[in-house]
Amino acid sequence: MAAFDGRSPIYRQIAEQIAADILSGALEPDAQVMSTNQFAAHFRINPATVAKGFQQLVDDGLLYKKRGIGMFVSPDAPERLRARHRERFMAEVVDPMIAEAHLIGIDLDDVVTRIDQRRQDGHR
Amino acid sequence: MSTTASTTTARRPWLRAAGALGADLSFYAVVWTGVGAALLIINLVANTVWGDLEASIWDGNASIFQYAMLGAGIMVVAGYLPVYLTHGITRRDVTSGALIALVGLAVVAALATTAGYLVESVVFDVAGWPHVLGGEHEMHIYDSPDQYGLIFVELFFLYATHAIAGMLIVAALFRLGWVFGSVFLLAGAGVAVGAELALGSGAAGVLIRDWLDIGAPPVVVGLLIAGGLAVGGALLTRALLAGVVIESKDAALWR
Amino acid sequence: MTLDLELRGASLRYDDGTEALRGIDLSVPGGTILGLLGRNGAGKSSLMSLVASLRRPTDGQVLIGGRDPWEDAELTARVALVGEAAEGGAWKVRDAVTSAGRLRPTWDAAYADRLLDLFEIPNVKIAKLSRGKRAALACLFGLAGRAPITMYDEPYLGMDAPARYAFYDEVLSDYMVHPRTVILSTHHIDEVASLFGRVAILDDGRLVTDDETDSLRARGTEVTGPAAAVDEFTGAAGLRVLSTRSLGGTKAAVTYGDLTDVARRRAADAGLELGPIPLQDLFVHLSGATQPEEASL
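First, a word on what this report is: a plain description of the structure on this page. (Residues numbered from 1 in each chain as written. Chains lettered and ligands numbered in written order. Predicted model: local features only at pLDDT ≥ 70, side-chain atom pairs only at ≥ 80, totals over all residues.)

So, on to the overall build of chain A. In terms of regular secondary structure, chain A is built from 5 helices and 2 strands. When the helices and strands of chain A are listed from N to C terminus, the series reads α-α-α-β-β-α-α. Its C-alpha atoms give chain A a radius of gyration of 19 Å, more than 25% over the compact-globule value 14 Å for 124 residues. Overall, chain A is about 60 × 30 × 25 Å in size when its C-alpha atoms are taken along their principal axes. By residue count, 23% of the 124 residues in chain A fall in the buried class. Of the contacts made within chain A by residues no fewer than 6 positions apart, 54% connect residues no fewer than 24 positions apart. (Helix = DSSP H or I, 4+ residues; strand = E, 2+ residues; numbered from the N terminus. Rg over C-alpha atoms; globule rule 2.2 N^0.38 Å. Buried ≥ 20, exposed ≤ 12 C-beta atoms within 10 Å, placed from the backbone. Contact = placed C-beta atoms within 7 Å.)

Written out as structure tokens, the structure reads:
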């Protein structure tokens, strides 16, 4: 199956994939996304499962429905996603890094210094 | 090419089953017509080249068709019933449809066989051969090959009883298994041979009558007996098939 | 129009005493694509033969649209069972297709023609077809029949991969235009799992699982970490441990059960790793098999 493995719930994988497309710009604000049936046929997935994935995106405010026409990317979807990822970045990247540094005895000041260095090298 | 069934047949599934069986059996009828024609030619050649034509050849030929009808009865239950069930037809409707199709086939076959006597009379007339029934036995309810009405009636009853006997035998084997079902071979044989005895036709009937040294009953009594056997056999078949179970491995959509 | 299917305490005992089904309670709402899973002999074919009214339950009930379908012409006309590959016959393919069309009120002859082309089934005697083409012909009967409840008893096993995928695509695209209940039985599920809206797993005649596919997927978790911590966690979280593997002091447990966010955090704090497991593995454990079954190709 092209993009979806047999592991975590497929509807969640669908939602994540579309979110990734929005974040990368492949799907722009107000762009129409594939219909449930097109998506189901293309990826060989039960339409009810696809609908559940799309519904999650609607609930999250990333997609909006136009009755009788289809689903579109919300104008503020990229911003919402970036905000969501910013939150996650601290929890999923920075916090574990601090824990790891503590575990192996790296002073947090050294970490900050390193970050400053990299910033001066042009990493922004 | 078939299209979606009409609303009439959608409401009457037994009619749909009968129609489908009739169409499916037409191939079988064509094969037996060919067999009949081939036998006729062989007999004709044998009788004119190596002997003198003294009587109807078709009369001897025609007796094979009741066994073709027995085969049709066997085939309908053994071959078509499981397939029709998986196509969503009920046992009751397959049975009704099969009885309608087989009785219809018996009418057509009896008409065709009767027409054989008619054609033979024309040919014999032209050739100057005597068109009479041969043999010393009292073989039929008719005593001359030009009594077309009686010929048709006898043949129809023979064909119908043999087809029903075929259905009955397989229905019993399907429903009761090989051990108990085999007992019904006798019932099936009873319907077929009983009709032959009653009508005075067919090899088995003639042999048994000779052995017991009995004559044929009056025509009306013979027809009543044959008719009773047909109805009894049909009811028994219907009862046996009402609860028949099909193994899902037999339910392959086409066998 | 779709039809609900329900089995209530349905049991089936064969004449030789074999208990093929033991009190099955299963509800399949109309318009569901159901994966009926189980090892060979688990009772999949028996269950389908009850739904198709080929057999009657020795105990319990089968209800279609709330009614017993046995000898009910209106209901049996709306149920189709496609067996594993049509056996040979003197029939030519087209004659067999025409004959099937005469029997099914919902038959779509034009679709049947398209499928003959799609599956490249030649118009020869069925006995002369390869195993794969016979299987494809069986699938054609199910697809073109358009019965509101259509069951496939593993006909796809004999087909090669491209034909199988073509079949799955047809099941799905036809389902979207003509919604109906589709039941696919298989013990080889990875390639079809995404098609299933629901999954029912049979083991030794019993229904061990009946759930939405995604809920089932979410319920399987592999817990890996120090052996003692794994045991403590699975016990405290009330997870059913389906199998375990150990390497030195590390243990991996395949578990089944709902995990709360609290439990997930507790696992992370205890240094345990939580990972998803493929549906096929979950099925293997739930269906009581010790070894994953190999696809018979």
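This part covers the nonpolar core. Side chains that are nonpolar tend, in soluble globular proteins, to be buried together. Core analysis: the largest hydrophobic core is formed by 174 residues, its most contacted members being Ala106, Tyr159 and Ala163 of chain B together with Val51, Cys139, Leu140 and Met151 of chain C. Among the elements that line this core, the one with the most residues is helix H6 (residues 148-199) of chain B, at 25 residues. Residue contacts for Ala163 of chain B: discarding those within four places in its chain leaves Met69, Leu70, Ala72, Gly73, Leu102 and Ala106 of chain B. (Core = buried A, V, L, I, M, F, W, Y, C linked by C-beta atoms within 7 Å.)

A word on the interface of chain A and chain C. How big an interface is tends to be reported as the loss of accessible area on association of its parts. Counting from both sides, the interface comprises 17 residues of chain A and, opposite them, 20 residues of chain C. Of all elements in the fold, only helix H1 (10-24), helix H2 (36-43) and helix H3 (47-59) of chain A reach the threshold of two or more residues within the side of chain A that touches chain C.

Residue and element names in this part refer to chain C. Ordered by their spatial adjacency, 4 strands build an open sheet running S11-S12-S10-S13, and the pairing between neighbours is antiparallel. If you trace the sheet from one side to the other, it starts and ends with strand S11 (240-247) and strand S13 (273-276), each paired once. Here the strands of the sheet are splayed against their neighbours by 20° on average, with no regard to which way each runs. Examined bridge by bridge, S11 and strand S12 (residues 250-256) share 7 bridges and lie antiparallel to one another. Paired with Ser243 across the strands is Val254, a residue of S12. (Pairing = 2+ DSSP bridges. Axes fitted to C-alpha atoms, helices over the stretch in contact; angles between N-to-C directions.)

This part is about the environment of Ala200 of chain C. All names here are of chain C. When you line up the elements, Ala200 lands in strand S8 (residues 198-203). Separated by 55 residues in sequence, Ala200 and Gly145 place their C-alpha atoms 24 Å apart. When near neighbours in sequence (up to four residues on either side) are disregarded, Ala200 contacts Leu26, Leu34, Leu36, Leu37, Leu207, Thr209 and Asp210.

Residues and elements named next belong to chain C. Given a rise of 1.5 Å per residue, 15 residues ought to cover 21 Å, and the 21 Å separating the end C-alpha atoms of helix H5 (residues 131-145) matches this to within 8%. With respect to burial, H5 is a largely interior element, 13 of its 15 residues being buried. Where H5 terminates, the next one or two residues include Arg146, which has phi positive at roughly 55°. (Expected span 1.5 Å × (residues − 1).)

This paragraph deals with the sheet that holds strand S4 (residues 59-64) of chain C. Residue and element names in this part refer to chain C. Within the open sheet, the 3 strands sit side by side as S2-S1-S4. Their pairing is antiparallel. Bordering the open sheet on either side are strand S2 (19-28) and S4, each of which pairs with just one other strand. When strand polarity is set aside, the average angle formed by the axes of neighbouring strands in this sheet is 20°.

Turning to the packing of helix H4 (residues 109-118) of chain C against H5 of chain C, a few remarks are in order. All names here are of chain C. Two numbers describe how H4 lies on H5: the axes approach to 9 Å, and their chain directions differ by 150°. Here H4 lies roughly antiparallel to H5, going by the angle between them. Crossing handedness for the pair H4 and H5: right-handed. Seen from H4, the contacting residues are Tyr111, Ala112, Leu115 and Leu116; seen from H5, they are Leu140, Leu143 and Ala144. Residue classes in the contact of H4 with H5 are distributed as 7 nonpolar, no polar and no charged. (Parallel < 35°, antiparallel > 145°, perpendicular 65-115°, else oblique. Left-handed = near helix turned anticlockwise from the far one by under 90°. Nonpolar A, V, L, I, M, F, W, Y, C, P; charged D, E, K, R; others polar.)

Let us look at unusual backbone geometry. Positioned with a positive phi, Arg146 of chain C is a non-glycine residue whose angle comes to about 55°. Checked against the element boundaries, Arg146 of chain C lands in the loop between H5 and strand S6 (149-153).

On to the arrangement of the chains, then. For the 2 pairs of chains in contact, the largest share of contacts goes to chains B and C. There is a gap between chain A and chain B: no contact, and a shortest C-alpha distance of 27 Å.

Turning our attention to the environment of Pro75 of chain A. All names here are of chain A. Looking at the secondary structure, you find Pro75 in the loop between strand S2 (70-73) and helix H4 (77-104). Pro75 sits 47 residues away from Glu28 along the chain, and the two C-alpha atoms are 8.3 Å apart. In contact with Pro75, not counting residues within four places along its chain, are Pro29 and Asp30.

Scope: geometric values only; no functional claims are made or implied.
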